[in-house]
Amino acid sequence: MSGGVKSFDMGRGRKRYAPDQQADSAKKAGPPVMQRSRAQIATSYAPGVLMTWEGGRGICKSVPIKRPFAERLPRNVSDTIFEGVREFAESWKERAKEGCPDAPDEFILDDAFYDLATKEVRVSQTDFELNQPNVVGYVPYPLLFQCGECGSVREYKSVSELATKKLPARCKDHESRWTQVDVVYAHWYGTIEPLSPYNYTFDDRTGTTRQIMHCTCGWQHFTLKNKAPVFSEWKYVCEGCGTPRDLKKAERNVLQKLKTDSSQPAGRTFEWIEIDMLPVSYRASSAFYPQRASFIELRETKVVELMRPTHKDDLLRRLAEIHSIPYQEPTDQEIEAILGKADRADDWDEYTALRRMFQKRPEGAPDRKDLGNAMRKLREGWFDEGLLARGRLESDAIAMAVDIRKDWARKFDPIRLTIEHAAFVEEHIQEGQTGPRKTAVDVVNPDITLFEKAGVAGELKRYQSDIQDLFGSTGISQMYLLRSLPICEYSFGYTRVSPTPVYQRESNNRKVAMPVRLVAFDTMRDGGRPIYVTQQRNEALYIKLDEQRVLRWLQRNGVEGLPSNGKDLARAYLEILPGFRPVPRSIQEQGTTGHVSRTCAVPVHAPSLVLPSAHPLAGGCIRPRSRWHRRVHLPGRSRIHDLSEGHDPGPRQHLRDVAQPRFGLPSAVDQSAHAALRIRQSL
């Protein structure tokens, strides 16, 4: 029978099913599955979150499942991810210590981010696994059930215990109606527990914590009285003696640490509000805050490498190239002669041999990095011994700026942003225009896909005239549409109760600062903590302002230290950096939790507000088209009005004048919404 859905195996008498029926049968035999996007899995359904199963069939907690990438991510991408995680952890610790100076380090960072032995932030690539956000597992949680008739509760420690003991069919004198208790205990230490009546206590004899599983009368079962609209009025009542008790549960790790420390000589006394957990609905956002970040991918691995302290000379050399600054360093012939006179000719032979091998290795070769490090170590030895003089940049101010950049937050480090912007323009703008896919299109010179009359000379000329007039009135120098811009987003952990490092606990009409612990996702079954990485290609607009327009605006606002003698504005900005107070690493990173607080530091850097803060004075602002909402955003306009006189402006800045713009750019920026709309309609 052709086209039959099923057939019999006459030899064995076994029914055989079509492949699609076999798949359906296997699906029915497995656990239920929900379909969610990768972005949702990496954040809203990341490991540790409590979620409602579709159809309200129960509450579950997501758990990680290992899904590594089939091919290793490029090294510059993985290095950027881990560098970002490390700096985020360092910033988190600094900010927590500012608010809670006496907090133990283990109350601030999970052990995946911190080495208790050295007391240093440590993010090792061997402890984490870059994971695809394709799937997460789930387990029923919390395993605390309440009878809907009488309020009696039963708690189970595991799913296997629930499967073995099962919930009783009858509760007292009636048929039971069990449902999960949808409120849990949460603590800023990063833990959640069921809303059970069984609290923890500290045993002074053994120095450990243990859970009390019964009432003082010896009875183990309790009834939850939760009809009141506020948690403070909820009570547990012992079913044996009728004694009521408030909702209260200690965080066992915090209890263990604070009790142990307080028993030491000169130990710190503590308050129980530091230990007690908070009852929260499992649906509340305070139960889980994913921590995440994103960046634009670059092929150039040197961007990450140049930021390391051991690559200072290479960084200065690259800055010299970008800004056309003379850089004096000894030639190969001079080095060879100096080493020869010092009877170190073998060192030069070794160095040149390493350099030849390094140059022959393709980008990304396994041993290329080791060869580069060996060359650098050998050369650094000559400098340290005084045999050679280091290269000198013909700008002492920029050299000083490179020295102090270690105190800057990575996101606002102008040296880093200068290097990143140069690499971005080279790879995504210049190569994008000349490459076969034409991923970068100049808005003034559109292709046929953006402007259907691009091939008609008269129409194109009229279009270009309109756009150039528009750019002239808005202070825009260049605008490019970027196709397939590679964006990498990653999530690496979470917090509870608060998205920021300090939580203000209210008690008796006062607020007490509590350290919020940054927690990595749970360890996977095969080892390693997951970091969920999402790579996507978006459309974006790149905008560069008219430098001369900006210079005139700065001059009219009384800003000193502006460039002269043919220097560009970007170089001048870097040269006045030593006079500014740096944006500290402890500043809140944007885009990780939705809460941004920058008022303490950002306003002191007026040039980075006037020009694109994404890449200060170096060039442009990149905005995904999907987020434009029918307007052009020129960075600086909204932040200029945030400047206040209370901040230290530095020696070369007049904040009072800059805070009250009088000329040019701000008024022109108001036309940006109309400009964007007209441009997009033209396209």
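The rules we used
- Residues numbered from 1 in each chain as written.
- Predicted model: local features only at pLDDT ≥ 70, side-chain atom pairs only at ≥ 80, totals over all residues.
- Heavy atoms only, no water.
- Helix = DSSP H or I, 4+ residues; strand = E, 2+ residues; numbered from the N terminus.
- Contact = heavy atoms within 4.5 Å.
- Areas by Shrake-Rupley, 256 points an atom, 1.4 Å probe, with all protein chains shown as cover.
- Expected span 1.5 Å × (residues − 1).
- Buried < 20%, exposed > 50% of the residue type's maximum accessible area, 1.4 Å probe, protein only.
- Arc of directions from axis to C-beta.
- Pairing = 2+ DSSP bridges.
- Axes fitted to C-alpha atoms, helices over the stretch in contact; angles between N-to-C directions.
- Core = buried A, V, L, I, M, F, W, Y, C linked by side-chain atoms within 4.5 Å.
- Phe/Tyr/Trp six-rings, centres within 6.5 Å; stacked < 30°, edge-to-face > 60°.
- Patch = residues over 30% accessible without salt bridge, like charges linked within 9 Å, V, L, I, M, F, W, Y side chains within 5 Å.
- Salt bridge = Lys/Arg side-chain N within 4 Å of Asp/Glu carboxyl O.
- Lys, Arg positive; Asp, Glu negative; His and termini not counted.
- Charge placed at Lys NZ, Arg CZ, Asp CG, Glu CD.
- Parallel < 35°, antiparallel > 145°, perpendicular 65-115°, else oblique.
- Left-handed = near helix turned anticlockwise from the far one by under 90°.
- Nonpolar A, V, L, I, M, F, W, Y, C, P; charged D, E, K, R; others polar.
- Disulfide = S-S within 2.5 Å.

Caption draft 1: Region of interest: the overall build of the protein. Helices and strands together make up the secondary structure of the protein, namely 20 helices and 31 strands. Sequence separation of at least 24 residues holds for 71% of the intrachain contacts in the protein that already meet a minimum separation of 6. By element, 48% of the accessible surface of the protein is carried by carbon and sulfur atoms, the whole surface being about 35100 Å².

Caption draft 2: Layout of helix H9 (residues 345-360). Here H9 spans 23 Å end to end across 16 residues, near enough to the 22 Å set by a 1.5 Å rise per residue. Among all positions of H9, only Asp347, Trp348, Tyr351, Thr352 and Leu354 are buried. Seen along its axis, H9 keeps its buried residues to an arc of 160 degrees; they face one direction. Of the exposed residues in H9, the ones pointing more than 90 degrees away from its buried face are Asp346 and Lys360. Structurally, H9 contributes buried residues whose contacts are with helix H8 (332-341) and helix H10 (368-384).

Caption draft 3: Quick peek at the sheet that holds strand S3 (residues 50-52). Pairing is antiparallel in the open sheet, where 3 strands are placed in the order S3-S4-S8. At either margin of the open sheet sits one strand with a lone partner, and together these are S3 and strand S8 (137-140). The average undirected angle you get between the axes of adjacent strands in this sheet is 45 degrees. Examined bridge by bridge, strand S4 (residues 59-63) and S8 share 4 bridges and lie antiparallel to one another. Note on S8: the bridge partner recorded for Ser62 is Tyr138.

Caption draft 4: Expanded view of the nonpolar core. Membership of the largest hydrophobic core comes to 45 residues, with the highest contact counts inside it found for Ile81, Leu109, Phe113 and Ile531. Counting residues per element, this core draws most heavily on helix H3 (residues 75-99), at 8 residues. When residues no more than four places from it in sequence are discounted, the contact partners of Ile531 are Ile81, Phe82, Val85, Phe128, Glu129, Leu130, Asn131, Tyr490, Ser491 and Phe492. Residues Leu306, Leu393, Phe424 and Val425 belong to the second largest nonpolar core, which totals 30 residues.

Caption draft 5: Seen up close, the packing of aromatic side chains. Tallying each qualifying case throughout the model produces 23 aromatic pairs. Considering the side-chain rings of Phe88 and Trp92, the 5.8 Å spacing of their centres and the 25 degrees angle between planes classify their relative orientation as stacked. Here Trp92 and Phe88 lie together in helix H3, a separation of 4 residues that amounts to about one turn. Residues Phe88 and Trp92 agree in their burial class; the two are buried. A connected cluster of aromatic rings, assembled from ring pairs, spans Phe82, Phe88, Trp92, Phe113, Phe128, Phe295, Tyr490 and Phe492.

Caption draft 6: Fine view of a negative patch on the surface. Where like charges cluster on the molecular surface, the negative patch consists of Glu336, Asp346, Asp349 and Glu350. Element by element, the count of residues in the negative patch is highest for H9, at 3 residues. Summarising the element assignment, Glu350 is placed in helix H9. By relative accessible area, which is 43% here, Glu350 ends up partly exposed.

Caption draft 7: Structural context of the pairing of strand S28 (residues 510-515). Here strand S27 (residues 502-507) runs beside S28; their pairing, made up of 6 bridges, is antiparallel. Among the inter-strand pairings, Ser507 is bridged to a residue of S28, identified as Arg510. As consecutive antiparallel partners, S27 and S28 are separated by 2 residues, and within that stretch Asn508 has a phi angle of approximately 55 degrees, a positive value.

Caption draft 8: Highlighting the pairing of strand S21 (residues 278-281). Here S21 shows a clear split, with Leu278 and Val280 buried on one side and none of Pro279 and Ser281 buried on the other. As paired strands, strand S14 (residues 183-186) and S21 are joined by 4 bridges and run antiparallel to one another. By the bridge assignment, Val184 is partnered in S21 with Val280.

Caption draft 9: Region of interest: the packing of helix H7 (residues 312-323) against helix H11 (residues 396-404). The interhelical angle for the contact between H7 and H11, taken along N-to-C directions, is 135 degrees, at an axis separation of 11 Å. The angle between the axes of H7 and H11 places the two elements in the oblique class. As for the relative orientation of H7 and H11, their crossing is right-handed in sense. Each of Lys312, Leu315, Leu316 and Leu319 in H7 lies in contact with H11, whose residues at this interface are Ile398, Ala399, Val402 and Asp403. Among the residues making up the contact of H7 with H11, the classes are represented as 6 nonpolar, no polar and 2 charged.

Caption draft 10: Quick look at the pattern of salt bridges. Applying the stated criterion across every chain yields a total of 38 salt bridges. Across the pair Arg361 and Asp367 runs a salt bridge whose closest N-O atoms are separated by 3.0 Å. If you follow the salt bridges from partner to partner, you end up with Arg75, Asp79, Glu305 and Arg308 in one network.

Caption draft 11: Representation of the environment of Arg410 in the model. Turning to its location among the elements, Arg410 is positioned in the loop between H11 and helix H12 (414-434). Distance from Arg410 to Glu87, taken between C-alpha atoms, is 7.7 Å for residues 323 residues apart in sequence. Non-local contacts of Arg410, meaning those with residues more than four positions away in its chain, are made with Thr80, Glu83, Gly84, Glu87, Arg416 and Tyr490.

Caption draft 12: Examining the sheet that holds strand S19 (residues 235-238) more closely. A sheet is described by the order of its strands in space; here 3 strands give the open sequence S18-S19-S20, paired in antiparallel fashion. The two strands at the open ends of the sheet, each matched to only one other strand, are strand S18 (222-225) and strand S20 (244-246). On average, each strand axis in the sheet is inclined to that of its neighbour by 30 degrees, with strand direction left out of account.

Caption draft 13: Quick look at the environment of Val135. Mapped onto the secondary structure, Val135 falls in the loop between strand S7 (128-131) and S8. Considering only alpha carbons, one finds Val135 and Pro64, 71 residues apart in sequence, at a separation of 8.1 Å. Residue contacts for Val135: discarding those within four places in its chain leaves Ile41, Ile65 and Arg67.

Caption draft 14: Focus on H3. Look at H3: 36 Å from first C-alpha to last across 25 residues, which is about the 36 Å you get at 1.5 Å a residue. Most of H3 is tucked away, with 18 of its 25 residues classed as buried.

Caption draft 15: Highlighting the environment of Glu329. In this fold, Glu329 is placed in the loop between strand S23 (327-328) and H8. Of the residues examined, Glu329 reaches a relative accessible area of 32% and is grouped as partly exposed. Here Glu329 is in contact with Arg317, Arg379 and Gly391, once residues within four sequence places are set aside.

Caption draft 16: Highlighting the state of the cysteines. Counted under the stated rule, the structure contains 0 disulfides. Cys171 takes part in no disulfide bond, and the closest cysteine sulfur to it belongs to Cys150, at a distance of 3.3 Å.

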